[in-house]
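# What the coordinates show
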Amino acid sequence: MLISQQSGEEFLRVLSGSSRAHTRAVVLALSPQALASLAVRLGSTSERVQQGLSLFFKALARQATAPHRDPLPVYVYNTTAAAPIALAEATAEFIARYRYTHQQQQQQQQQQQQFQPPPIWQAPAPSRALSSTRDAPPITSTTTAEQALTGYLPLPPSLSRTRLPMLASECPGWVCYAEKTTPQALPYLSTAKSPQQVLGTLVKAVLAPREGLKEGEVCLVGVMPCYDKKLEASRRDFVHEEWGEGEEGREGGGVPEVDLVLTAGEVLEMLRGYGEQEQEQQQQQQQLNGMSEHDDEKEDVGLVVVQRLFFSRFEEEEEEEGGEEAMEVEDSSSSSKGLVIARAAAAAAAGPSARPLTLQSAEESLFKGGSLLPYSSSSSSSSSNSMPEIGSGGYLEHIFRGAAKALFGVEVGPGPLQYQQGRNADYKEVVLEVGGEEVLRFALAYGFRNIQGVMGKMRRGKCFVQFVEIMACPSGCVNGGGMVKGPTGEPSAGGKERVRKVRGRFWEDQLRRRKEEEEEEEEGREGGALARWAYGEEVAREGVGGETALRLFHTRYHAVPRLEQANPSVTKW
Ligand code: SF4
């Protein structure tokens, strides 16, 4: 059911108006890891692939639309634009948790009591979300399906966030695992939403109404590195009843922040299918003969055709234009002009305050995304070896630097952090010492083997770190299950090489964006366009960790009731 609701075929039905007929605009949100995976497969840069995908999705909308109708407007954003908000909220949350724990410790020491941390390994009562604001009561063996859906508990007014170590919650694979198998870990999970959900919230709750659209009239489609992101999008915690009716037939009503998620591999299949169709219709064999530089791709006719249609044209344009800053592209699949891709458009450079941010104007600034690199490019660009050997969201690096500064007044120098490797390449720790004393110890734990190790230590009260960046996939998101696969029968060495290339491309992209951000910072515009706007006057004016930010950018987790574990058909994500 979930797969069919969030498939490439369903996306085409949305574009054609035959599904989710209330849709009046489509927003694509591209993750940086998915882009890097497609870029490696297409032999191009992530920037060009993003430009090409923008043309491709708009061409798909035109192709899918009946001749007498206008195609749905399609906007393409980069989820990295929302990352600074997710990272800022997680950092503020960590600092609050640290201060609370430290304060408790000091109070008990003053009273000459031995410090008693809160109960360390206790599962919360089972619960189940009905929406972003309502929980169902715990399900027992006597609960009927009707009772489970109609009775509800309003959410408690404030979230209890007091425990350390704080565990990153960006990875839905890990969150799902914790909810089902280790609910004792849930009080330790950061409540900050992932960039995918932060972007969905802002697009639906703030940008859409500015163009006279209801929240449910915008279809937000993520392009992500794994299938677990589909599960994340379908969580009832991310469905808003206050946003109106939404799609007909949606159980429980309400409007989701993110409507459907496609993986990088599924997008590649769509590209291939489109190309094969074009090739059939237009008999482009002659053009194909001129594109033989990718010898190993000669048989992949569909991709060769879409490369010609959407991806190689940027290089041609750049040569012709001599590197003009903005480019206008005519889409060959239609006689109409394509979008103007404002890579360095004056409006974006001037910042969102130059004019109100709307779905349309946001495309210029959010198309570029932001950077997950928290350090100066001048030091990190000296050697590719200085890039982190990690492939996920940069939570540890941001929180470590933010906490060092806020809690101890220490500016951690530029360049990647110096990690101590643990028992394998997917477990690392980093330490901050002040005056010869260790004050912070953070860990990266990727893959279920390392997750189980961390859970075991926490259960025994032997986990002596204050933050763990946990990701379900070994090597992180660059190795996600939805990334572009190698050929059938690819040897494991080939798979490792592909992951290495994707990770290299991902960090190259981050470095390039960081350089652009540094230029912006020199002009006094730090923090990324979306974050500057979101914490500006109109959205979350109380700032990071404020009341509005807590409502918009945080979520909660549920110990899955035993009944749902015994009968997966009642599990909602
Ligand atoms: S680590 Fe894997 S499962 Fe988790 S978000 Fe990344 S790709 Fe998805």
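Reading guide: rules and limits
Residues numbered from 1 in each chain as written. Predicted model: local features only at pLDDT ≥ 70, side-chain atom pairs only at ≥ 80, totals over all residues. Helix = DSSP H or I, 4+ residues; strand = E, 2+ residues; numbered from the N terminus. Buried ≥ 20, exposed ≤ 12 C-beta atoms within 10 Å, placed from the backbone. Axes fitted to C-alpha atoms, helices over the stretch in contact; angles between N-to-C directions. Parallel < 35°, antiparallel > 145°, perpendicular 65-115°, else oblique. Contact = placed C-beta atoms within 7 Å. Nonpolar A, V, L, I, M, F, W, Y, C, P; charged D, E, K, R; others polar. Near = placed C-beta within 6 Å. pLDDT = per-residue confidence, 0-100. Pairing = 2+ DSSP bridges.

## Remarks on the overall build of the protein chain
Helix and strand content of the protein chain: 22 helices and 16 strands. For the protein chain, the residues scored as buried account for 46% of the 573 residues in total.

## Digging into the packing of helix α10 (residues 264-282) against helix α12 (residues 301-311)
Look at α10 against α12: their axes get within 7 Å of each other, and the N-to-C directions meet at 85 degrees. Relative to α12, the element α10 lies roughly perpendicular. Packed against α10, whose contacting residues are L271, R272, G273, Y274, G275, E276, E278 and Q279, the element α12 presents V301, G302, L303, V304, V305, V306 and L309 at the interface. The residue inventory of the contact of α10 with α12, partitioned by class, reads eight nonpolar, four polar and three charged.

## Things to note about the site of the ligand
Around the ligand sit 13 residues, and of these C171, G173, C226, C473 and G480 come closest. Tallied by class, residues from the shell around the ligand come to eight nonpolar, four polar and one charged.

## Digging into the packing of helix α3 (residues 32-42) against helix α4 (residues 46-64)
The N-to-C vectors of α3 and α4 enclose an angle of 95 degrees; their axes lie 8 Å apart at closest approach. Looking at the two axes, α3 sits roughly perpendicular to α4. Contacts from L35, A36, L38, A39 and L42 of α3 reach α4 at S46, V49 and Q50. Its residues assigned to classes, the contact of α3 with α4 shows six nonpolar, two polar and no charged.

## Comments concerning the confidence of the model for the protein chain
Averaged over every residue, the pLDDT of the protein chain is 79; residues scoring 70 or more account for 73%. Mean pLDDT values over the elements of the protein chain span from 30, in strand β12 (residues 337-341), up to 97, in strand β7 (residues 218-224). The low-confidence segment residues 322-353, where pLDDT is below 50, has 54 contacts with residues more than four positions distant or belonging to other chains. In this model, residues 376-385 is a region of pLDDT below 50 whose contacts with residues beyond four sequence positions or in other chains number 14 contacts.

## Section: the sheet that holds strand β15 (residues 437-446)
One open sheet accounts for five strands, arranged β6-β16-β15-β14-β13; its pairing is mixed. The open sheet is flanked by β6 (166-167) and β13 (420-421), the only strands paired with a single partner. Across two bridges, β13 lies against strand β14 (residues 427-434) in antiparallel orientation. Among the inter-strand pairings, Q421 is bridged to a residue of β14, identified as K428. Packing of helix α18 (residues 448-459) onto the sheet brings it into contact with β14, β15 and β16 (467-471), and relative to β15 it is tilted by some 140 degrees.

## A look at the sheet that holds strand β10 (residues 260-263)
Sheet architecture is open: four strands sit in the order β2-β1-β7-β10, paired in parallel fashion. Each of the sheet's edge strands pairs with one partner strand only, and the pair in question is β2 (74-78) and β10. On average, each strand axis in the sheet is tilted by 25 degrees relative to the strand beside it, whichever way the strands run. Two elements, strand β1 (residues 25-30) and β7, share six bridges in a ladder whose sense is parallel. By the bridge assignment, V27 is partnered in β7 with L220. Along the sheet, helix α8 (residues 195-210) contacts β1, β2 and β7; its crossing angle with β7, the most-contacted strand, is approximately 160 degrees.

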